[in-house]
Amino acid sequence: MIFEQLKPQVETILSDDNKSVNERLLQVCKLLEKHIDYYNWVGFYFRNGEKEELILGPYVGEPTDHTVIPFGKGICGQVAVSNQNFVVPDVSAQDNYIACSITVKAEIVIPIFVNGENIGQIDIDSNTPDPFTEADGRFLEFVTKKVSKILS
């Protein structure tokens, strides 16, 4: 499975102390977008200090206007409140969805915890309908756990 092959590469990227945190996060985005066919936009959002909003971090894919997302708004904003993984097989069926691109069909968002606090998330959009499986969730939880170590 591609996820098992990518895990050591994620660890190598994140452990490179010669690069800034943002450079490492961008490298992870590039790795996932390049090697997983149905990952068409890969990015990180982080809590903006004490404000109840997320700000866009490193990402790859189409440019987005959604550089600030209030808590509760869209899939990312809902994850900031729920602290739970959120898989959306069909974005058109979601009432509280912020459309980034008309080509996006599905989305998965996994929170990042540092010392038990939700400080951000990885967000992946797919142009393929319903592509995400339990394996994607487990792999992305692995990624977010590794990311949390360089953020703490």
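Look up: the structure comes first, before these words.
Residues numbered from 1 in each chain as written. Predicted model: local features only at pLDDT ≥ 70, side-chain atom pairs only at ≥ 80, totals over all residues. Heavy atoms only, no water.

Trainee: Explain the sheet that holds strand β4 (residues 86-88) here, please?
Mentor: The strands making up a sheet associate through backbone hydrogen bonding, with each pair oriented either parallel or antiparallel. Taking strand neighbours across the sheet as the criterion, the six strands line up as β3-β2-β1-β6-β5-β4 in an open arrangement whose pairing is antiparallel. Taken across any chain shown, the strands that pair with only one partner, and hence form the sheet edges, are β3 (68-70) and β4. The sheet shows a mean angle of 25° between the axes of neighbouring strands, direction not considered. In this structure, β4 lies alongside strand β5 (residues 106-114), joined through three bridges in antiparallel fashion. Residue pairing in the sheet places V88 in a bridge with E107 of β5. Each of β1 (41-47), β2 (53-60) and β6 (117-126) touches helix α2 (residues 21-35); the most contacted strand, β2, lies at about 65° to it. Each of β1, β5 and β6 is contacted by helix α4 (residues 134-151), which is oriented at about 35° to β5, the strand it contacts most. (Pairing = 2+ DSSP bridges. Helix = DSSP H or I, 4+ residues; strand = E, 2+ residues; numbered from the N terminus. Axes fitted to C-alpha atoms, helices over the stretch in contact; angles between N-to-C directions. Contact = heavy atoms within 4.5 Å.)

Trainee: Would you take a moment to explain the packing of α2 against α4 for this structure?
Mentor: Closest axis-to-axis distance for the α2/α4 pair is 11 Å, and the angle between their directions is 170°. Between α2 and α4, the interaxial angle falls into the category roughly antiparallel. Handedness of the α2/α4 crossing: right-handed. Of the residues in α4, those in contact with V21, R24, L25, V28 and L32 of α2 are F139, L140, V143, V147, I150 and L151. (Parallel < 35°, antiparallel > 145°, perpendicular 65-115°, else oblique. Left-handed = near helix turned anticlockwise from the far one by under 90°.)

Trainee: I keep staring at the environment of K30 and nothing clicks. Help me out?
Mentor: Within the secondary structure, K30 sits in helix α2. Separated by 31 residues in the primary sequence, K30 and G61 have C-alpha atoms spaced 9.0 Å apart.

Trainee: Help me out: how do you make sense of the packing of aromatic side chains in this one?
Mentor: Following the criterion strictly, the structure yields seven aromatic pairs and no others. One aromatic cluster is present, built from ring pairs that chain together Y38, Y39 and F132. The ring of F142 has K7 lying over it, and the distance from NZ or CZ to the ring centre is 5.0 Å. (Phe/Tyr/Trp six-rings, centres within 6.5 Å; stacked < 30°, edge-to-face > 60°. Lys NZ or Arg CZ within 6 Å of the ring centre and 35° of its normal.)

Trainee: Would you mind going over helix α1 (residues 2-14) with me for this structure?
Mentor: Residue pairs spaced three or four apart in an α-helix point in one direction, given the helix's 3.6 residues per turn. Taking 1.5 Å per residue as the helical rise, α1 with its 13 residues ought to reach 18 Å, and the 18 Å between its terminal C-alpha atoms agrees with that figure. For α1, the full list of buried residues reads F3, L6, V10, I13 and L14. (Expected span 1.5 Å × (residues − 1). Buried < 20%, exposed > 50% of the residue type's maximum accessible area, 1.4 Å probe, protein only.)

Trainee: How do you make sense of the environment of L140 when you look at a structure like this?
Mentor: By the secondary structure assignment, L140 is in helix α4. Residue class for L140 comes out buried when judged on its relative accessible area of 0%. Residues L140 and V109, 31 residues apart in the sequence, show an inter-C-alpha distance of 8.8 Å. In this structure, L140 is in contact with L32, Y39, I108, I110, I122 and I124, ignoring residues within four places of it in sequence.

So far we have only geometry, and geometry alone does not tell us how the molecule works.
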